[in-house]
Amino acid sequence: MEILEAIRRRRAVRDYLPDPVALTTLRHLVTAASWAPSAMNEQPWHFTVVTEKALLDDISVRSKAWMLQSASDMATSDHFRDLLKDTHFHLFYNAPALIVISATAKTQWSVEDCSLASQNLMLAAVDRGLGSCWIGFAQGWLNTNEGRECLGLPPSSCVVAPIIIGYPRSEAPPVSRKAPIVTWIGALPVDEPKLQAAPSP
Ligand SMILES: Cc1cc2nc3c(=O)[nH]c(=O)nc-3n(C[C@H](O)[C@H](O)[C@H](O)COP(=O)(O)O)c2cc1C
């Protein structure tokens, strides 16, 4: 798949088939993630792949409870409070797999490094016909001692990106993109920029 096609087709998928994702495919995604650039080539990422349903359910319940008692903007919005209180709302949308990208230690650029690895992983998923979604709601609890313990991560680690993976049951509804704010300094390029802003649906 062309890289621009993958970029445009990657969407936050929130509706999954129960079909499992093959081990070789999960390995392929991790390998693609590990080809991301990183500051001083530190490659500080650690990948924890969770396919155990009971653990996914448990993380969902605990992360929702943690979010509700946190003082974040999300937890104070009525919409999100109602969602988090809803026992039927699964934080991972019943996706069959969760790949948690964590930094082995929180250093100056480890969050940036892990975020770049995340985007690689999500683009590689599109290429394999898979959907993905970064679940920021799970980050808070997974970064507690209890959360890290449930993933077998050491206390020094920092959870950056919990990403769900699975085969989409339906297409993600269209979302718009704001026109990019660009400041051009210096001579304007003669050629048309290849990546145009996405048109609003
Ligand atoms: C850091 C981060 C955290 C996110 N957290 C959540 C989340 O907790 N739950 C969710 O459903 N989507 C989450 N998303 C997905 C965004 O809502 C989604 O990317 C955005 O609405 C744009 O839609 P698109 O990815 O389909 O283009 C998160 C995305 C990012 C980058």
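Bear in mind the structure is a predicted one, so any value in this text is a computation, not a measurement.

A. Region of the structure containing helix α2 (residues 23–34). For α2, spanning twelve residues, the distance from its first C-alpha to its last is 17 Å, which sits close to the expected 16 Å at 1.5 Å a residue. Buried residues along α2 sit in contact with β1 (45–50), β2 (97–103), α6 (110–127) and β4 (158–166).

B. Local environment of the site of the ligand. Around the ligand, a shell composed of R10, R11, A12, R14, Y93, C133, W134, I135, G136, F137, V175 and R177 is seen. A distance of 2.8 Å separates an oxygen atom of the ligand from a polar atom in the backbone of A12. With the chains in place, 64% of the 620 Å² that the ligand exposes on its own is no longer accessible.

C. Layout of the sheet that holds β1. The sheet built from four strands is open, its strands ordered β1-β2-β4-β3 with antiparallel pairing. The two strands at the open ends of the sheet, each matched to only one other strand, are β1 and β3 (131–134). The sheet shows a mean angle of 25° between the axes of neighbouring strands, taken without regard to direction. Of the pairings in the sheet, the one linking β1 to β2 comprises six bridges and is antiparallel in character. Note that in β2 the partner of H46 across the bridge is S102. The sheet strands contacting α6 are β1, β2, β3 and β4, and the helix crosses β4 at an angle near 5°.

The rules behind each value
- Residues numbered from 1 in each chain as written.
- Predicted model: local features only at pLDDT ≥ 70, side-chain atom pairs only at ≥ 80, totals over all residues.
- Heavy atoms only, no water.
- Helix = DSSP H or I, 4+ residues; strand = E, 2+ residues; numbered from the N terminus.
- Expected span 1.5 Å × (residues − 1).
- Contact = heavy atoms within 4.5 Å.
- Near = heavy atom within 4 Å.
- Polar contact = N/O pair within 3.5 Å; in protein donor to acceptor, adjacent residues only side chain to side chain.
- Areas by Shrake-Rupley, 256 points an atom, 1.4 Å probe, with all protein chains shown as cover.
- Pairing = 2+ DSSP bridges.
- Axes fitted to C-alpha atoms, helices over the stretch in contact; angles between N-to-C directions.

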